[in-house]
Amino acid sequence: MNKTSSIIKRVVFYATIVGVWQAIYMAAVLPEMLLPSPLQVMETLISSAATGELPFSVGTSLLRLFVGFIISIAIGVAMGLYMAKHKTVYETLGSLVLGLQSIPSIAWVPIGLIWFGLNDAGVIFVVVTGSTFSMAMSTYSAIRNIPPIYLRAARNMGAKGISLLTSVVFPAALPYLVAGMRHTWSFAWRALMNAEMLFKFLGLGFMLIAAREINSMAHVIAVMIVIMAIGLVIDLLIFSKIERTVESRWGLR
Amino acid sequence: MAKLELHNISKIYNQNNGAVKAITDVNLNINEGEFVCFVGPSGCGKTTLLNIIAGLEKPDSGEVILDGRVVSDTGPDRTMVFQEGALFPWLKVVENVEFGLKVAGVQKEKRRERAMHYLDMMQLTKFADSYTYQLSTGMKQRVAIARSLVMDPEVLLMDEPFAALDAQTRDLLLVELQLIWQRTRKTIIFVTHNISESVCLGDRVVVFTHRPARVKSEFKIDYRRPRLIEDTSLNIYARSILEELKGEVVAAIKEEYKEPDGKRDEQVLRDEN
């Protein structure tokens, strides 16, 4: 009952927004170039999907995101683990990681272009640099925040070295790691959009820039809706769910 | 030869305001199959001593000798039951109990068999496949005990395991623990600040001084088993231990209320006494 009423509320809310939008359009308060009607945006979406342009761009973007994200996780977790294990590493490498994390992902585009050229690798490079350091810091925090009693209990049972790592450190840190991954993915998504808009080499970001260049507001809004939808879907259907499952099993919920 | 011998154990902690001696010159022998309770004022260092025996901390001087050999590292021959269970929430109850066996490389079927044997002993058979968040505190402590016992340790260490339980669960577990001890004949060292608990469980109660901890006195409890916490005959023992302990508790409080320049807050002490 609760879930249905929540869905109904949301449907009504969005329907109202579309309704207001339509009303503003019909009142002709703004020139059509600035604000197309919801219907026009809808038509644009459909035609773009029909020609295959939209699915292709979405597929390109998601593929780059996936590859970049996996690389970020791999490098980030390794770095975070290394920093958590050795204090000196945290004090030295950690300071660099912290600094690099604060650089907006868009600033990595020039290096991406020069080092890799105008291709997928360059885009993925920006995605990776835009999100790895966040994953490293999240991993570091996750491991440092493991309740020490788990480690004591595990050592007491005879666990040492690698077995301690796999049997206790990672499982104990998992809830925080998952939260970190959720964070990292949002950084990765933003980095991807930034890169695609500047690289102008396929993908949703490119579609957005292209739409501006043909002066079609309908296209711009259409692409932004797609970007938003993807963000929501991945966040709600994937990360939210994983986070909830892990947290309830770990007894944190 | 005693099962466990403590020779001249000392431990010093380096803190911001100087070195703090936690334990000083503890010498103790524990015999095989004995149930020994450590009591002392809160913060006196008995948990530190237990950690040293377990190998979780290293003494600054002295040695721990188990069955004739020196032990200094952690190991499943001296498993510990912690105050807050310390069960792993990502594992099922039976997997928790199996944990040490898995680390030791025991085969799956054998692990399961042994874990279930001890879960049966703790009357938790039905909960083998549950997760720890589904258990009450009392049940979690039972699982913790099973986990420690399944490793067949030479010495079972227990660090105030019933301190976080409600009185009824605790009273039940006091009886259960005695029955388990009679069944398994384990050597047990039980740390508690609760004197009634100590006389209810122990063959011998060792009283420690306030920090730095030293053995103050020992009491042999010669009484039939299983003992109930409400057995009035135990009161005589409890009273003697209380007398021993009272002086130490007051001394510990005086220590805490001491002014930085060494003066004492006389008014507060008068009120305390």
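Residues numbered from 1 in each chain as written. Chains lettered and ligands numbered in written order. Predicted model: local features only at pLDDT ≥ 70, side-chain atom pairs only at ≥ 80, totals over all residues.

Asker: How do you make sense of the overall build of chain A when you look at a structure like this?
Answerer: Helix and strand counts for chain A stand at 10 helices and 0 strands. Ordering the α and β elements of chain A from the N terminus gives α-α-α-α-α-α-α-α-α-α. Seen through its principal axes, chain A has C-alpha atoms that stretch 75 × 55 × 30 Å. Relative to its 253 residues, chain A shows a buried fraction of 36%. Considering only contacts within chain A whose residues lie at least 6 apart along the sequence, 72% involve residues at least 24 apart. (Helix = DSSP H or I, 4+ residues; strand = E, 2+ residues; numbered from the N terminus. Buried ≥ 20, exposed ≤ 12 C-beta atoms within 10 Å, placed from the backbone. Contact = placed C-beta atoms within 7 Å.)

Asker: Whenever I open this one, the overall build of chain B confuses me. Can you help?
Answerer: Helices and strands together make up the secondary structure of chain B, namely 8 helices and 10 strands. Against the compact-globule benchmark of 19 Å for 273 residues, chain B has a radius of gyration of 20 Å, which places it among compact chains. Projected onto the principal axes, the alpha-carbon positions of chain B cover approximately 65 × 40 × 40 Å. Scored against the burial criterion, the 273 residues of chain B give a buried share of 40%. Once local pairs closer than 6 in sequence are excluded, the contacts in chain B between residues at least 24 apart make up 69%. (Rg over C-alpha atoms; globule rule 2.2 N^0.38 Å.)

Asker: In this structure, what is going on with the domain arrangement of chain B? I would like to understand it.
Answerer: Interface size is commonly expressed as the accessible area that is lost once the parts come together. Residue and element names in this part refer to chain B. As assigned here, chain B comprises domain 1 (4–79 + 153–272) and domain 2 (89–152). Taking the mean C-alpha position of each, domain 1 and domain 2 sit 27 Å from one another. In this assembly, 12 residues from domain 1 lie in contact with 10 residues from domain 2. Considering each element in turn, the side of domain 1 that touches domain 2 owes the most residues, 4 residues, to helix α5 (residues 167–184). (Domains from an automatic or database assignment.)

Asker: Is there a simple way to think about the sheet that holds strand β2 (residues 18–30) of chain B in this case?
Answerer: The strands that make up a sheet pair up through hydrogen bonds in the backbone, lying either parallel or antiparallel. All names here are of chain B. With antiparallel pairing, the 4 strands of this open sheet are ordered in space as β2-β1-β4-β5. What marks the edges here is a single partner per strand, and that holds for β2 and β5 (69–71). Sheet twist, expressed as the mean angle between neighbouring strand axes with direction ignored, is 35°. Of the strand pairs in this sheet, strand β1 (residues 4–15) and β2 are connected by 9 bridges, and their pairing is antiparallel. When the bridges of β2 are listed, tyrosine 13 appears paired with valine 20. (Pairing = 2+ DSSP bridges. Axes fitted to C-alpha atoms, helices over the stretch in contact; angles between N-to-C directions.)

Asker: How should I be thinking about the interface of chain A and chain B in this particular structure?
Answerer: At the interface, 16 residues of chain A touch 21 residues of chain B. In terms of residue count, helix α7 (residues 148–156) of chain A provides more of the side of chain A that touches chain B than any other element does, 6 residues in total.

Asker: Sorry, what's going on with the sheet that holds strand β7 (residues 155–159) of chain B here?
Answerer: All names here are of chain B. As summarised here, the arrangement of the 6 strands in space is β6-β7-β8-β3-β9-β10, forming an open sheet in which the pairing is mixed. The sheet is open, and its two edges are formed by β6 (80–81) and β10 (215–220), each paired on a single side. For strand β3 (residues 35–39) and strand β8 (residues 187–191), the ladder comprises 4 bridges, and the chain directions are parallel. Within β8, the residue paired with phenylalanine 38 across the bridge is valine 191.

Asker: It is not clear to me how the nonpolar core should be interpreted in this structure. Could you clarify?
Answerer: For soluble globular proteins, nonpolar side chains are generally found buried alongside one another. Counting 124 residues, the largest nonpolar core has Val127(A), Ala188(A), Leu192(A), Val97(B), Ala146(B), Leu157(B) and Ile189(B) as the members making the most contacts within it. The element that contributes the greatest number of residues to this core is helix α8 (residues 161–199) of chain A, accounting for 17 residues. Split by domain, the residues of this core number at least three in each of domain 1 (4–79 + 153–272) and domain 2 (89–152) of chain B. Residues in contact with Leu192(A), not counting those within four places in the same chain, are Ser61(A), Arg64(A), Leu65(A), Gly68(A), Val123(A), Val127(A) and Gly205(A). (Core = buried A, V, L, I, M, F, W, Y, C linked by C-beta atoms within 7 Å.)

Asker: How should helix α3 (residues 108–121) of chain B be read in this particular structure?
Answerer: Note: α-helices contain 3.6 residues per turn, so residues at a spacing of three or four share the same orientation. Residue and element names in this part refer to chain B. Across its 14 residues, α3 extends 20 Å between first and last C-alpha, which sits within 8% of the 20 Å expected from 1.5 Å per residue. Where the residues of α3 are buried, they touch α2 (93–103) and α4 (137–150). Glutamine 123 lies just past α3 and shows a positive phi near 60°. (Expected span 1.5 Å × (residues − 1).)

Asker: Could you clarify how one ought to interpret the pairing of β8(B) in this entry?
Answerer: Two faces make up the sheet, and in a regular strand the side chains alternate between them. All names here are of chain B. Burial within β8 is extensive, with 5 of its 5 residues counted as buried. As defined by bridge partners, β7 adjoins β8 across 5 bridges and the pair is classed as parallel. The residue of β8 that forms the bridge with aspartate 159 is valine 191. As for the winding sense of the linkage, the β-α-β connection from β7 through α5 to β8 is right-handed. (Right-handed = clockwise from strand over helix to strand, strands pointing away.)

Asker: I would appreciate a short explanation of the packing of helix α3 (residues 53–85) of chain A against α8(A) in the present structure.
Answerer: When two helices pack together, their arrangement is given by the angle between the helix axes and the distance between those axes. Residues and elements named next belong to chain A. Running from amino to carboxyl end, α3 crosses α8 at an angle of 130°, the nearest separation of the two axes being 10 Å. Taken together, the axes of α3 and α8 are oblique relative to one another. Along this stretch, α3 crosses α8, giving a crossing that reads as right-handed. Of the residues in α8, those touching α3 at Ser61, Arg64, Leu65, Gly68, Phe69, Ser72, Ile73 and Gly76 are Met181, Thr184, Trp185, Ala188, Trp189, Leu192 and Glu196. The residue inventory of the contact of α3 with α8, partitioned by class, reads 8 nonpolar, 5 polar and 2 charged. (Parallel < 35°, antiparallel > 145°, perpendicular 65-115°, else oblique. Left-handed = near helix turned anticlockwise from the far one by under 90°. Nonpolar A, V, L, I, M, F, W, Y, C, P; charged D, E, K, R; others polar.)

Asker: Where do I start with the packing of α3(B) against α4(B) in this structure?
Answerer: Residues and elements named next belong to chain B. Where α3 meets α4, the closest approach of the two axes is 9 Å, and the angle between their N-to-C directions is 135°. In terms of orientation, α3 lies oblique with respect to α4. The element α3 and its partner α4 pack so that their crossing is right-handed. Where α3 approaches α4, its residues Arg114, Ala115, Tyr118 and Leu119 are matched on the opposing element by Ala146, Leu149 and Val150. Taken together, the residues of the contact of α3 with α4 sort by class into 6 nonpolar, no polar and 1 charged.

Asker: Sorry if this is basic, but what is going on with unusual backbone geometry here?
Answerer: If a residue is not glycine, its phi is most likely negative; likewise, a peptide bond is most likely trans. Residue and element names in this part refer to chain B. The omega torsion across arginine 211 and proline 212 is 0°, close enough to zero to call that bond cis. With respect to the helices and strands, the residue proline 212 is situated in the loop between β9 (204–208) and β10. With an omega dihedral of -5°, the bond running from arginine 225 to proline 226 counts as a cis peptide bond. Its place among the elements puts proline 226 in the loop between β10 and α7 (235–257). For glutamine 123, which is not glycine, the phi torsion reads 60° and is therefore positive.

Asker: Would you mind showing me how to read the confidence of the model for chain B here?
Answerer: The predicted coordinates should not be examined in detail at positions where pLDDT is low. All names here are of chain B. In the predicted model, chain B carries a mean pLDDT of 88, and the fraction of residues at 70 or more is 94%. At the level of individual helices and strands, chain B shows its lowest average pLDDT in helix α8 (residues 266–272), which scores 56, and its highest in β8, which scores 96. The ipTM value of the predicted complex is 0.86, and its pTM value is 0.81. (pLDDT = per-residue confidence, 0-100.)

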